[in-house]
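# Residue-level structure breakdown
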Amino acid sequence: PLFAHSFLWVEWLMQALARTPQGYTIYSFGSAAVALAVMFPAAFFAGMTLPLFTVALLRNGSGESSIGRVYALNTLGAIVGVFAMMHLLIPAIGIHLGLVLAAVVDVLLGLYLLRVVAASVRRRAYLAVAVVAVVAVVAGLVWGRAKPEVQIAGVFRTGTTALDGLKKVAYLRDGKTSTIGVARFDEGFSTIATNGKPDAGLTDSLSQPPTADEITMVMAGALPLYLNPAARDIAVIGWGSGLTVHTILGSDVPRRVEAIEIERTMHEGARLFGQRVERAYSDPRLNVVFDDARTYFATRSRHYDVIVSEPSNPWVSGVASLFTREFYGFARRHLNPNGLLVQWLQAYEIDDRLLATMVSALIETFPYVDAYIVNNSDMLFVAGMAPPVHPDWTPLSTPSLQYELGRVGLK
């Protein structure tokens, strides 16, 4: 229940504080207090179990070997618990039910210890504890789930738990690394969001004017084919809506396209964009890899003609490493001699110094870099070991792709 209400508390903080450095400092302390309210009680009581077991063993006259076994089992349990939650419970039943199930196991273990091991506990006290535990579990099930429209609102950015014009939340699922949601709006467009932060927005039909995001995603797929007409092997980092991959596969030139996405639920959620990204789910030339991009490139020796890097924003947890000199070095080593890296960068919600740091890392790694201003908030950088030679529109001349490019102004 504390977690479910945390969104409302952050909304209150965002609306109560001025957008100043001082306000942000207070907001940081306030959001930390909200996080503590959610996590500290469980962490405190779970952390007490090991010293309590140790004291009980010492009072019973058990030797050091017994205490060692308790520590070993505690460590093993921590490993098994994380593995089970990450790879079994969250993909199968989500964070909410996964946490409730874990709590129920803890409660049952506690009741067993009170009844069997600590036999001196009075029956009335034991029953009272059992009733309180049942009430707590029911409360967690009933009041512990945040509403989908609240989770997808991105209150930490927008300051509100209610999105204007929201028609429905078509998809919301907890993945191993993040919670992915697809929101449909009354104006006829949909967005896909990571932990409430929109990563891509598409209109529901090609007959509607394109969103600002569409030119970025279409151009990220079309630009390398225009500048490197012989590109046969292409890697795309970050799935998003799938529109970049859909655009690349609209050309007959690529022989193999590899998409590296860390979160499987992002790929599942983007399927709801339907015909707008149809080729990204049906073309046999595509291979989707669910892995961290840095890990994937570090453990592979495969080379590509083009690498399109389109992850989420640098400030999103776990993403910043894809905008570093080390990662650009990885990418360069996996490019063929005339290969190109297409790197997306944002110009919003970021200061000039940090943006310049990321651009600096790119131009220190590649001797040739061109910058394309896509719209009023996005940029595409095309980097290579040699300047692009003989740009050619031919790879983009298929009828379906011509229409999609022309729709966003690329004619």
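The structure displayed is predicted, hence computed values, not measured ones. (Residues numbered from 1 in each chain as written. Predicted model: local features only at pLDDT ≥ 70, side-chain atom pairs only at ≥ 80, totals over all residues. Heavy atoms only, no water.)

Of all hydrophobic cores here, the largest spans 73 residues; its most connected members are F297, I307 and L341. No other element matches the nine residues that helix α7 (residues 212-227) contributes to this core. In contact with F297, not counting residues within four places along its chain, are A235, I237, I260, Y304, I307, F327, F330 and H334. Counting ten residues, the second-largest nonpolar core is a separate cluster that includes F7, Y27, A146 and V150. (Core = buried A, V, L, I, M, F, W, Y, C linked by side-chain atoms within 4.5 Å. Buried < 20%, exposed > 50% of the residue type's maximum accessible area, 1.4 Å probe, protein only. Helix = DSSP H or I, 4+ residues; strand = E, 2+ residues; numbered from the N terminus. Contact = heavy atoms within 4.5 Å.)

A few words on the confidence of the model for the chain. Per-chain confidence: the chain averages 90 in pLDDT, with 100% of residues scoring 70 or above. When mean pLDDT is compared element by element in the chain, helix α8 (residues 243-248) scores highest at 96, while helix α11 (residues 293-298) scores lowest at 85. (pLDDT = per-residue confidence, 0-100.)

Bringing the packing of aromatic side chains into the picture now. Considering all chains together, one arrives at eleven aromatic pairs under this definition. Consider the rings of F3 and F7, whose centres lie 5.4 Å apart with planes at 75°: the pair is edge-to-face. With F3 and F7 both in helix α1 (residues 2-16) and four residues apart, the pair spans about one turn of that helix. Ring plane angle 75° and centroid distance 5.5 Å describe the contact between W239 and Y281, whose orientation is recorded as edge-to-face. Remark: Y281 occurs in helix α10 (residues 279-282) and W239 occurs in the loop between β5 (233-237) and α8; sequence separation between them is 42 residues. A relative accessible area of 4% means that W239 is categorised as buried. Every member of this aromatic cluster is reached through a ring pair, and the members are Y296, F297, Y304, F327 and Y328. The ring centre of Y126 lies 5.2 Å from the NZ or CZ of R115, which sits over that ring. (Phe/Tyr/Trp six-rings, centres within 6.5 Å; stacked < 30°, edge-to-face > 60°. Lys NZ or Arg CZ within 6 Å of the ring centre and 35° of its normal.)

Ordered by their spatial adjacency, seven strands build an open sheet running β7-β6-β5-β8-β9-β11-β10, and the pairing between neighbours is mixed. At either end of the open sheet lies a strand with only one pairing partner, and these are β7 (286-290) and β10 (368-373). Neighbour-to-neighbour, the strand axes of the sheet open up by a mean angle of 15°, direction not taken into account. Of the pairings in the sheet, the one linking strand β8 (residues 304-309) to strand β9 (residues 335-346) comprises five bridges and is parallel in character. Bridging from a neighbouring strand, I307 pairs with L341 of β9. Sitting on the sheet, helix α12 (residues 325-333) is in contact with β5, β8 and β9, with an inclination near 145° to β9. (Pairing = 2+ DSSP bridges. Axes fitted to C-alpha atoms, helices over the stretch in contact; angles between N-to-C directions.)

What follows deals with the pattern of salt bridges. If the charged atoms of two oppositely charged side chains come close together, the side chains can form a pair. Evaluated as defined, the whole model comprises twelve salt bridges. In this structure, R255 engages D233 in a salt bridge whose closest nitrogen and oxygen atoms are separated by 2.7 Å. Linking R255 in the loop between α8 and β6 (256-261) with D233 in strand β5, this pair joins segments that are 22 residues apart in sequence. What makes R255 exposed here is its relative accessible area of 54%. For D233, a relative accessible area of 10% gives the class buried. For R256, the salt bridge identified is with E258, shortest N-O distance 2.7 Å. (Salt bridge = Lys/Arg side-chain N within 4 Å of Asp/Glu carboxyl O.)

So, about unusual backbone geometry. One non-glycine residue, N195, lies in positive phi territory at about 50°. Tracing the chain through its elements places N195 in the loop between β3 (189-194) and β4 (197-203). With a relative accessible area of 41%, N195 lands in the partly exposed category. Despite not being glycine, E349 shows a phi value in the positive range, around 50°. As for its placement among the helices and strands, E349 is situated in the loop between β9 and α13 (352-365).

Below, the discussion takes up the packing of α1 against helix α2 (residues 21-59). It is at 10 Å that the axes of α1 and α2 come closest, and there the two elements cross at 170°. As judged from the angle between their axes, α1 and α2 are roughly antiparallel. The residues of α2 that touch α1, namely those facing L2, F3, S6, W9, V10, L13 and M14, are Y27, G30, S31, V34, A37 and V38. Looking at the contact of α1 with α2, its residues break down into ten nonpolar, three polar and no charged. (Parallel < 35°, antiparallel > 145°, perpendicular 65-115°, else oblique. Nonpolar A, V, L, I, M, F, W, Y, C, P; charged D, E, K, R; others polar.)

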